[in-house]
Structures are given as C-alpha cells and as structure tokens.
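Next come the chains, spelled out residue by residue.
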Amino acid sequence: MADYWQATVTTPVNIAVIKYWGKRSVALNLPTNASLSVTLHQDQLCTTTTAQCSKEFASDRLWLNGKEEVIKPGGRTDTCIQEMKKLRKAYEDKYEDPHPASEWHVHLCSFNNFPTAAGLASSASGYAALVHCLATVYRLPNTSTELSLIARQGSGSACRSLFGGFVAWDMGVNEDGSDSKARQVASEDHWDDINAVICVVSDEKKGTSSTSGMQRTVETSPLIQERIRLVPARMAEMERAIAAQDFDAFAQLTMKDSNNFHAVCLDTSPPIFYMNDVSRALVALVHEFNRVSILQKRGHRAAYTFDAGPNAVIYCLRRNVKDIVNMVMHYFPQAEPFKDTYKVFYGKDTP
Ligand code: 2P0
C-alpha cells in the first residue's frame, strides 16, 4: 500500500456580477443575499494546490505562496479539512471502500498566480482548490454542488469557483446551511465570447477584510436592508440576461450592482472605502465609452465591477476587448491591465 497519497488541482477565480455582502450566520458563512458570478479561465487567475497525506505527518500544515500559515483548530481551513474527512467517512460507510489518506494528516501547498487579498477573490479560488484537491486525494466522486457546501464554509464566494461558466450561489433558507450552495446558471460554452479585462489598480493587501467589513455593514447599515430586498429581482433579471446573451442588460445590471454594493459599504459605520480615485476614474471612462456606444446604437459595450478592493474588472464581448484595453492604456499608461484579458473558465463539473 502507498505510504502517501497526493493530488494537485488548479481552480480559477470567480468575479461576481451580483455581489455577496453580508452574513446571516458567521459560523456557517450563510449570506443575507444570493449572488452570481462568472468563473474566469482556469489558465488565468487561479490557485494551484497540492495536498499530500502521509502516515509520517504529525499534523495538518499549510503553505500559502511559500510561507507557512498556522491552521487554527476550528478555523476555516481546519473546518474544510474536517468536513472533507467526514464526507470520506460517510462514503466509506456507504460503499465499504476504505482509503487510508483520510486517516492521515495532510500537508497543503497553495500558490496564487495573482496578488493575494487585493480584492481579486483569492479566498474564492483558494478554498475551492483546497476542497477540490482533498476530494481528489480521497477519491471522492462528489459533485461540485456537494463540494460547494464545504467550500462555502471556508469562504462564501469559494462555493461559486467549483463550477465553470455563470454560477449562482443560492442563499437558502435552512438554518444548518444545507441549501446554501452553488448552482451553474449556464455553462462556459453557452456564452463563450464574454471576456474580462482586469485592471490592477493596486496589489496591496486590502485595509478592511471582507469578513469584518460585511459584519460591520450588517450591524450598522440601514441601506443593506434595501439591498436584501432588491437582490432577488436582480438575480432573476441577470439569469434572464445570461440566458438571452443580452450583453446590454448584463452590463447595466453588473454596474448597478457594483455601485449598490459600494454604496452599502459607504453606508457602513465607520464607512468602508474600497474604491479609490483611479477606480472612480475608470468608472467615468467606462460610462463615457458606453455613452458614445449607445449614441451609435450599439448599446452598452463594457461593464465595470469592483470587489472589496480598488481593482476593476471590465466585462465585455471579445470583439470589444481591443478597444477597451486601448482606451484604458491610453488614459492610464502607468496602470497595466493584468495579463491582458480573461475568457470564462472552461471547467468541469466533477473533480
Ligand atoms: C463577491 N465579495 O460576491 C463579494 C463581492 C467581495 C465583494 O465574496 O467572509 O472572501 O470569506 O465569506 O467570500 C468576498 O468575500 O468572504 C466576496 P467570507 P469572501 O465576490
């Protein structure tokens, strides 16, 4: 019998067009509203994680970008490892198919090919990769939907990175979180000429973490209640726009939702500022680009969205990428688009 088991997986980042912001359960990462994202191409912004289980290991350990991180008992990483072990145990009990790896400790080595914690969704690809990697080492045949329930407990947005294409995270109603999981709205092939131009405005670690920021919002912002009220209709409209490949509607909804999310951040006490002057200048530029485009009867051709940081993601159709990159480079010669452009992820459903 092998004395160690190992697997390596690469999992892409997702960028939300209807944002997750606010938890109704901090312990289980249950959101106050549903969200919807586009998973980027696997070869672009991604996390690559290797898991090795060995009977020689004395404890679970994690290295992130070459630096060892402490795995806190009961913390997010530990929760994901323990939940995956439980899943393995349940599988063994059902199919009488034992596998020693889940009895042993695991060493995890994880690399992001982009700035960590700069509002580019590193925790999303990170926890999705962790869960996907353990499922592979443990030879578990679970679907992305089942794994999304565990990845969600690492980081809410991680549940969406287990699918390619267009992915909803349904908030669910159950207190135990059993129905708060990811669902593929449309595959990567459905609308494959959507691209994302990523403009890294800053690669510094963000000042307010998403977890603490959204807690503060839930506790202090009256405006979040209005957001909770309006998101269900927005989700339905977004799903319709994706089904119809209606970029004009997709763009308007994406920008509206990004602006509403940042308004809610500003309504938090003390206020949270994720966007900076360069971010705001990019907003103005995209609106000007769209204004001309609408005058030419071409509708919206670009949609910005900003996460918990100043970096812009500009969604557009492939035929418009060149115009948008040229425009950004013209007005911001010092701010390079990060690795040019990103296609939606051509993913797989099962690990
Ligand atoms: C999103 N963000 O939908 C939103 C938009 C940031 C802004 O999900 O506390 O790192 O780990 O569940 O998933 C970032 O929050 O938060 C996020 P936790 P997470 O992508």
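Values in this document were obtained by computation on a predicted structure and should not be read as measured data.

Undergrad: Help me out: how do you make sense of the confidence of the model for the protein chain in this one?
TA: Detailed reading of the predicted model is not advised wherever pLDDT is low. Scored by pLDDT, the protein chain has a mean of 90; 92% of the residues are at 70 or more. In the predicted assembly, ipTM is 0.98 and pTM is 0.93.

Undergrad: Help me understand the sheet that holds strand 2 (residues 14-18) in this model?
TA: Across a sheet, paired strands are connected by hydrogen bonds in the backbone, their directions being either parallel or antiparallel. Spatial ordering of the open sheet is given by 2-5-10-11, a layout of four strands whose pairing is antiparallel. With one partner strand each, in any of the chains shown, strand 2 and strand 11 (182-186) form the two edges of the open sheet. Strand after strand, the sheet turns through a mean of 35° between neighbouring axes, direction not considered. Bridge count for strand 2 against strand 5 (residues 35-39) is four bridges, and the pairing is antiparallel.

Undergrad: What is the right way to look at the nonpolar core in this model?
TA: Generally speaking, nonpolar side chains in soluble globular proteins are found buried as a group. By size, the foremost hydrophobic cluster in this structure holds 94 residues, and its most contacted members are Leu36, Met84, Val131, Leu134, Ala151, Ala196 and Ile314. Ranked by the residues each element gives to this core, the list is headed by helix 2 (residues 122-137), at ten residues. Looking at which domains feed residues into this core, each of domain 1 (4-186) and domain 2 (194-343) supplies at least three. Sequence-distant contacts of Leu36, that is, excluding residues within four places in its chain, are made with Ala16, Val17, Ile18, Phe166, Val167, Ala168, Val185, Met235 and Met238.

Undergrad: Explanation requested: the domain arrangement of the protein chain in the structure shown.
TA: When the parts of a complex come together, some accessible area is lost, and that lost area is often taken as the interface size. What the domain assignment lists for the protein chain is domain 1 (4-186) and domain 2 (194-343). Using only C-alpha atoms to locate each centre, domain 1 and domain 2 end up separated by 25 Å. Taken together, the contact pairs 28 residues of domain 1 with 41 residues of domain 2. Of all the elements in the fold, those that place two or more residues in the side of domain 1 that touches domain 2 are strand 2, strand 5, strand 10 (166-169) and strand 11. The element that contributes the greatest number of residues to the side of domain 1 that touches domain 2 is strand 2, accounting for three residues. Its residues assigned to classes, the side of domain 1 that touches domain 2 comprises 20 nonpolar, six polar and two charged.

Undergrad: I'm lost on the site of the ligand in this one. Help?
TA: Within the structure, the ligand sits among 16 residues, and Ala16, Ser155, Gly156, Ser157 and Ser210 are positioned closest to it. The set of elements that each furnish at least two residues to the shell around the ligand consists of helix 2 and helix 4 (210-220). Within the shell around the ligand, the residues separate by chemical class into six nonpolar, eight polar and two charged. Among the domains, domain 1 (4-186) and domain 2 (194-343) are the pair contributing at least three residues each to the shell around the ligand.

Undergrad: Sorry if this is basic, but what is going on with the pairing of strand 9 (residues 105-112) here?
TA: The side chains of a regular strand alternate between the sheet's two faces. Here strand 9 shows a buried face lined by Val106, Leu108, Ser110 and Asn112 and an unburied face lined by His105, His107, Cys109 and Phe111. Pairing of strand 6 (residues 46-54) with strand 9 involves eight bridges; the strand directions are antiparallel. Across the sheet, residue Cys53 finds its bridge partner in strand 9, namely Val106. As paired elements, strand 7 (residues 61-64) and strand 9 share four bridges and run parallel to each other. Residue Arg61 lies in a different strand from strand 9, and its bridge partner there is His107.

Undergrad: For this particular structure, what's the right way to read the packing of helix 1 (residues 76-95) against helix 2?
TA: What describes two packed helices is the angle between their axes and the distance between those same axes. Contact pair helix 1 / helix 2: the axes reach a minimum separation of 10 Å and the direction vectors enclose 25°. As far as their axial angle goes, helix 2 and helix 1 are roughly parallel. Relative to helix 2, helix 1 is oriented so that their crossing is right-handed. Taking contact as the criterion, the partners of Thr77, Cys80, Ile81 and Met84 in helix 1 are, on helix 2, Tyr127, Leu130, Val131, Leu134 and Ala135. A per-class count over the contact of helix 1 with helix 2 returns eight nonpolar, one polar and no charged.

Undergrad: Quick question: what am I supposed to make of the pairing of strand 7 here?
TA: Across three bridges, strand 7 lies against strand 8 (residues 67-69) in antiparallel orientation. Bridge assignment links Trp63 to a residue of strand 8, and that residue is Glu68. From the end of strand 7 to the start of strand 8, which pair antiparallel, there are two residues, and Asn65 there has a positive phi angle of about 50°.

Undergrad: Help me understand the packing of helix 2 against helix 3 (residues 144-154), please; the structure alone is not making it clear to me.
TA: One can describe the packing of helix 2 onto helix 3 by two numbers: an axis separation of 8 Å at closest approach and a directional angle of 135°. Classified by the angle between their axes, helix 2 and helix 3 sit oblique to one another. The chirality of how helix 2 crosses helix 3 is right-handed. Counting all contacts with helix 2, which are made through Tyr127, Ala128, Leu130, Val131, His132 and Ala135, the residues of helix 3 involved are Leu147, Ile150, Ala151 and Gly154. By residue class, the composition of the contact of helix 2 with helix 3 is eight nonpolar, two polar and no charged.

Parameters and conventions
Residues numbered from 1 in each chain as written. Predicted model: local features only at pLDDT ≥ 70, side-chain atom pairs only at ≥ 80, totals over all residues. pLDDT = per-residue confidence, 0-100. Pairing = 2+ DSSP bridges. Helix = DSSP H or I, 4+ residues; strand = E, 2+ residues; numbered from the N terminus. Axes fitted to C-alpha atoms, helices over the stretch in contact; angles between N-to-C directions. Core = buried A, V, L, I, M, F, W, Y, C linked by C-beta atoms within 7 Å. Buried ≥ 20, exposed ≤ 12 C-beta atoms within 10 Å, placed from the backbone. Domains from an automatic or database assignment. Contact = placed C-beta atoms within 7 Å. Nonpolar A, V, L, I, M, F, W, Y, C, P; charged D, E, K, R; others polar. Near = placed C-beta within 6 Å. Parallel < 35°, antiparallel > 145°, perpendicular 65-115°, else oblique. Left-handed = near helix turned anticlockwise from the far one by under 90°.

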